[in-house]
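# Results of the structural survey
So the chains spell out like this:
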Amino acid sequence: DTPIYNKGKHLFGLNITKDSIRKKGFAILTEGNFDIISLYQNGVENVVAGLGTALTTQQAKLLKRFTDRVVICYDADSAGEVASERAIKVLQAEGFIIKVMELPAGSDPDDYIRTNGKTLFNELRGKATSWFRYLLNKSVEKHDLSNPTDKVKLLERVQELVGFATTELEKREYFSQGMDILKIDK
């Protein structure tokens with residue numbers, strides 16, 4: 001950041017990929033510059049990357065000018081999970097329709113597309129889940145549903161995630177999905 005340039009207001013590659021984002025109707029959001037470069041070189045052109053450690057509200061507003069749909073494709077590690085949740089909160093607050101693409105453990109978009117190619121990348125992208133299901137599944141993986149204490153923690157997590165929603169209808173739907181996943185009577 002400098003007095004002239006603020007990285008929190010820009011998205012890496014948007015100047016090149018904005019037409020493809022409009023045409024496809026969604027953007028693939030990555031963490032790093034190498035991710036977007038590799039994806040673009042391999043034919044995935046509707047991609048952008050944040051500049052810095054966390055997606056900002058200004059970046060989300062900029063992206064909203066081109067689409068209201070985002071597929072988050074961050075690194076498949078604990079830092080990527082944390083960054084995904086932060087990005088979801090920012091994007092959700094700006095009214096985006098958000099899905100999360102899960103790469104195999106330990107990989108990143110750059111490695112994945114170079115190893116597997118565009119076709120397999122797009123197949124995996126097609127299996128992207130809603131932001132709510134992604135975050136809840138990550139929480140369920142860390143808890144034992146047969147343990148009452150863990151189940152209470154997961155119920156609290158459902159309530160927290162439902163709070164990310166911006167409309168009452170979304171809140172009801174996400175709550176219902178959460179109760180189904182936790183096998184709790186609504």
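Above: the structure in question.
Within the fold, Ser84 resides in helix H4 (residues 78-93). Sequence-wise, Ser84 and Leu136 are 52 residues apart; in three dimensions their C-alpha atoms are separated by 13 Å. Non-local contacts of Ser84, meaning those with residues more than four positions away in its chain, are made with Ile72, Tyr74 and Tyr134.

Topologically, Thr17 is positioned in helix H1 (residues 14-24). You can call Thr17 buried: its relative accessible area is 1%. Once the C-alpha coordinates of Thr17 and Val47 are considered, the two residues, 30 residues apart in sequence, prove to be 6.4 Å apart. Within the local environment of Thr17, its side chain forms a polar contact with the backbone oxygen of Val47, the two atoms lying 2.9 Å apart.

In this structure, Lys183 is a non-glycine residue whose phi angle is positive, near 60°. Along the polypeptide, Lys183 turns up in the segment after helix H8 (168-182). Taking relative accessible area as the criterion, Lys183 reaches 67% and is therefore assigned exposed.

This part is about helix H7 (residues 148-162). Compared with the 21 Å implied by 1.5 Å per residue over 15 residues, the 21 Å span of H7 between its first and last C-alpha is a close match. For H7, every residue scored as buried is listed here: Asp150, Leu154, Arg157, Val158, Leu161 and Val162. Seen along its axis, H7 keeps its buried residues to an arc of 135°; they face one direction. The inward-facing, buried residues of H7 contact H4, helix H6 (131-141) and H8. Its side-chain oxygen at 2.7 Å from the backbone nitrogen of Thr149, Asn147 defines the N-terminal cap of H7.

Right, let's get into the sheet that holds strand E2 (residues 27-30). Taken together, 6 strands build an open sheet; the order of strands is E1-E3-E2-E4-E5-E6 and the sheet is mixed. The sheet terminates laterally at strand E1 (11-12) and strand E6 (129-130), the two strands that pair on one side only. Relative to strand E4 (residues 69-72), E2 runs parallel, the two being bridged by 3 bridges. Along E4, the bridge assignment pairs Ile28 with Val71. Contacts from helix H2 (residues 33-41) reach E1, E2 and strand E3 (47-50), with the element oriented near 170° to E3.

What counts as what
Residue indices begin from 1 for each chain and proceed along its sequence in written order. Local features are withheld for residues below a pLDDT of 70 in this predicted model, meaning they are given only at 70 or higher, and side-chain atom pairs are given and counted only at 80 or more; totals for whole chains, interfaces and linings count all residues. To obtain the side-chain values, all non-hydrogen atoms of the structure were included, while hydrogens and water were left out. The numbering of helices and of strands both runs from the N terminus, where a helix is a DSSP run of H or I of at least 4 residues and a strand a run of E of at least 2. Residues count as neighbours in contact if any of their non-hydrogen atoms are within 4.5 Å of one another. Partly exposed describes any residue whose relative accessible area lies between the buried limit of under 20% and the exposed limit of over 50%, with all areas from a 1.4 Å probe on protein chains only and scaled to the type maximum. The term polar contact refers here to a pair of N or O atoms within 3.5 Å; inside protein, the definition further demands a hydrogen-donor-capable atom paired with an acceptor-capable atom, and it admits residues adjacent in sequence only when both atoms are side-chain atoms. In this analysis, the expected span of each helix is defined as 1.5 Å times one less than the number of residues it contains. Directions pointing from the helix axis toward each C-beta atom define the arc. Between any two strands, pairing holds if DSSP finds at least two bridges. Note on geometry: axes are lines fitted to C-alpha atoms, helical ones only across the stretch in contact, with angles between N-to-C directions running from 0 to 180 degrees.

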